[in-house]
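Letter by letter, the chains look like this.
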Amino acid sequence: MLRLLLLLPALIYAEPDFRPYLLSTCQRIERRGQECSRRQAKTEDGYILSLHRVHSRGLPYGPPVLLIHGLLSASDQWLLYGRDHDLASILADKGYDVWLGDLRGNAYSRSHAHLSPEDPDFWDFSFHEYGYYDVPAMIDYIRLETGHKKIFYIGYSLGGTVFFVMGASRPEYNNKIRAGITIAPYVSSPQLSSVILATFSMIASIMRQWRTLHVFEVFPRSNTTLAINQIFCKPKSRLLPVCLQVYDQVFGLTSELDQDVLLDVVSTFRAGSSAKTLNHCAQVMYANSLRYYDYESEENMKRYGDIIPPEYNLTKVTSPVSIHYSLQDSFVDPKVIDKLAKKLPKLIGTFVVSSPSFNHMDYVVGIHARELVYQDIFNIISKY
């Protein structure tokens, strides 16, 4: 009965259509000659999340691997170049059973058992709920569907953060992970540029009052925003330098990015989330530590028994974990990685990218990501 209830939503799921500006996740997968199966997993608090299963024809289904995107992104983040470059497609061609998860509120996961995106309560979540509800729901769905007791997890940026949130707040899920691979995880405040600091300060001042100001959803993917990207970021646009400057300063855009895919990249990296999630990220920056959401003194006392939100206890993350980072990353401080690594009981290792110019977005769009990052990931998965 449980299996039937989990699989039934897949029969009524419709893939979002972003044409003429973007291909959807399944359109991207199928265009490169691989198979895509669309699924849905329901969380304990009622959100209905999308899962895209990637399979290479003629190969058996190997061990399952769940990939989780970064902040404001979606599953199509993993499919920006081509079959021989993108991590998801390469893993599928190596015989792994690849699943691309979409966290609540993004362009592919805008459904709930009782709420609609027009309801403010739909957006009452931070990245804590990503780790506490969303990732566990996806893991349980994949385990039930595949029959594997354990899965591999790969999380980029905030996708790595929520792995630590899950392991610390729901430690029973550590036993369901073969290995957790965290790529440039955001867990504390790096030395940010003045532009990024100013941007975060502005966002934080707004997000602290997100309910009062009736700001619930942020950076949604829509025809309007996609059309604006066309004006600023299309090849040979006079405004292209502005586009490059904004994305470089705010997102850590790589200098190695192929200009032919720039428009697709910047359009994809805007898939929507909640204002509360952005506020939680800003809180991490100002607190300089990975803590539970700060509801302010009175509410914190009710929820946590203290006026200050507690830190996530990372010593409870007992699954094998690797951390991949670079020295040039705009959002990840190497000193923070060293502190993080010392807290993890089963650290596989820390892997620093050898390129001195490798930035935050390079992990998914850099032309040298395969040899500089993915090869270490393949070795870890093969070993575990």
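From a predicted model like this one, the values you see are computed outputs, not experimental measurements. (Residues numbered from 1 in each chain as written. Predicted model: local features only at pLDDT ≥ 70, side-chain atom pairs only at ≥ 80, totals over all residues. Heavy atoms only, no water.)

Asks: Break down the packing of aromatic side chains for me, citing the residues and quoting the values.
Replies: Taken as a whole, this structure holds 15 aromatic pairs when the rule is applied. Between Phe125 and Tyr130 the ring centres are 5.8 Å apart and the planes differ by 45 degrees, which places this aromatic pair in the tilted class. For Phe125, a relative accessible area of 0% corresponds to the buried category. Here the aromatic cluster, defined as three or more aromatic residues joined through ring pairs, consists of Tyr47, Phe122, Trp123, Phe125 and Tyr130. The lysine or arginine in question, Arg53, covers the ring of Tyr61, its NZ or CZ lying 4.2 Å from the ring centre. Arg104 extends its terminal NZ or CZ atom over the ring of Tyr47, reaching a point 3.9 Å from the ring centre. (Phe/Tyr/Trp six-rings, centres within 6.5 Å; stacked < 30°, edge-to-face > 60°. Buried < 20%, exposed > 50% of the residue type's maximum accessible area, 1.4 Å probe, protein only. Lys NZ or Arg CZ within 6 Å of the ring centre and 35° of its normal.)

Asks: So, the pattern of salt bridges: which residues are in play, and what are the values?
Replies: As enumerated under the stated definition, the model contains 21 salt bridges in all. Its salt-bridge partner being Arg38, residue Glu15 comes within 4.0 Å of it at the nearest N-O pair. Within this pair, whereas Glu15 is found in the loop between helix H1 (2–7) and helix H2 (25–31), its partner Arg38 is found in strand S1 (residues 35–42), the two being separated by 23 residues in sequence. Residue classification places Arg38 among the partly exposed positions, given a relative accessible area of 31%. The shortest N-O distance in the salt bridge between Asp86 and Arg32 comes to 3.0 Å. You can see Asp86 sitting in the loop between strand S3 (64–68) and helix H3 (87–93) and its partner Arg32 sitting in the loop between H2 and S1, a full 54 residues away along the chain. Among the residues examined, Asp86 registers a relative accessible area of 1% and is labelled buried. Overlapping salt bridges, with partners in common, bring together Arg39, Arg53, Asp97 and Glu145 in one network. (Salt bridge = Lys/Arg side-chain N within 4 Å of Asp/Glu carboxyl O. Helix = DSSP H or I, 4+ residues; strand = E, 2+ residues; numbered from the N terminus.)

Asks: Explain the nonpolar core residue by residue, including any values.
Replies: Ranked by internal contacts, the top residues of the largest apolar core, which has 89 residues, are Leu66, Leu67, Trp78, Leu91, Ile154 and Phe164. Looking at this core element by element, the count peaks at 8 residues for helix H14 (residues 369–383). Once you skip the residues sitting within four places of it in the chain, Leu91 turns out to touch Val65, Leu67, Tyr96, Val98, Ile154, Phe378 and Ile381. (Core = buried A, V, L, I, M, F, W, Y, C linked by side-chain atoms within 4.5 Å. Contact = heavy atoms within 4.5 Å.)

In short, the description is geometric, and any link to function would need to be established separately.
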